[in-house]
Structure formats: structure tokens, C-alpha cells
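Chain by chain, the residues run as shown.
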Amino acid sequence: MNAKEDRGSATVLVLGFAAMVVGLGLVGTARTTAILARHRVERAADLTALAAAEQIGRTGDPCLAATRIATANHVSVDRCAVTLDASGRTGM
């Protein structure tokens, strides 16, 4: 091999390495976005359940409170059913 045949090979290696770095960056960004979306949905579900639970035993409607909090967090409530123990015990 002489110098003329080897000319430009470093450019190909640098471009390949750069493509690999960009690809890894895109994969990392996609993974981070998915994790953040999961956390957002989990937070909204927890807040919605807490809002409904807070209304149990009060004059307010638990499903209405849950829907209001869900809407504020840009999610929706598919169904809402409040089932209470017939004995009225709180579990404590």
C-alpha cells in the first residue's frame, strides 16, 4: 500500500465515529423522553387518586374531583367508581 491508496481513510473513520456518537445521542434522548413521560403519567395518576380519596366522607363528589385534577394534568379519567366498605371502617 502506498500513500495514494491510503489517502482519505481517516475521513471515513471520523465520519463513522461521528455517526455513531449522533446515533447514541438520539437513543439516549428517546430513552430520557420515554422515562419522563412515564413519570408524568404516574404523577398524574397519583394526584388524581388522592383527589378522589380526599372527597370520600365529605359532601364532594370523588369522581368530579378526580376528573378536575386529571384535566389539570392533561390526562383523562376513563372510568371512576367509588366502592366503600359497608361497615364504614377506615382501615385504621
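The rules behind each value
Residues numbered from 1 in each chain as written. Predicted model: local features only at pLDDT ≥ 70, side-chain atom pairs only at ≥ 80, totals over all residues. Heavy atoms only, no water. Helix = DSSP H or I, 4+ residues; strand = E, 2+ residues; numbered from the N terminus. Buried < 20%, exposed > 50% of the residue type's maximum accessible area, 1.4 Å probe, protein only. Salt bridge = Lys/Arg side-chain N within 4 Å of Asp/Glu carboxyl O. Polar contact = N/O pair within 3.5 Å; in protein donor to acceptor, adjacent residues only side chain to side chain. Disulfide = S-S within 2.5 Å. pLDDT = per-residue confidence, 0-100.

### Re the overall build of the protein
Looking only at helices and strands, the protein features three helices and zero strands. Counting from the amino terminus, helix and strand elements in the protein follow one another as α-α-α. For the protein, the residues scored as buried account for 12% of the 92 residues in total.

### Here's the deal with the pattern of salt bridges
On inspection of all chains with the given rule, the structure shows two salt bridges. Between R38 and E42 there is a salt bridge whose closest N-O contact spans 3.6 Å. Taken together, the positions of R38 and E42, both in helix α2 (residues 9-55) and four residues apart, correspond to about one turn of that helix. Notably, a salt bridge pairs R58 with E54, separated by 3.7 Å at the nearest N-O pair. According to the relative accessible area criterion, R58 is exposed, its value standing at 53%.

### Topic: the environment of R58
The residue R58 is located in the loop between α2 and α3 (62-72) in this model. Within the structure, the side chain of R58 is placed 3.4 Å from the backbone oxygen of E54, a separation counted as a polar contact.

### Observations concerning the state of the cysteines
In the structure shown here, the tally under the stated rule is one disulfide. Shown here is the disulfide that connects C63 with C80, its sulfur atoms set 2.1 Å apart. Between C63 and C80 the sulfur-sulfur dihedral comes to about -90 degrees; the bridge is accordingly left-handed. Separated by 17 residues along the polypeptide, C63 in helix α3 and C80 in the segment after α3 bring together distant segments of the chain. Here C80 falls in the partly exposed class, since its relative accessible area comes to 34%.

### Describing the confidence of the model for the protein
Low pLDDT marks stretches whose predicted atomic positions should not be read closely. Of the residues in the protein, 89% reach a pLDDT of 70 or more, and the chain-wide mean stands at 87. The secondary-structure element of the protein with the lowest mean pLDDT is helix α1 (residues 3-6), recorded at 68, while α2 shows the highest, at 94.

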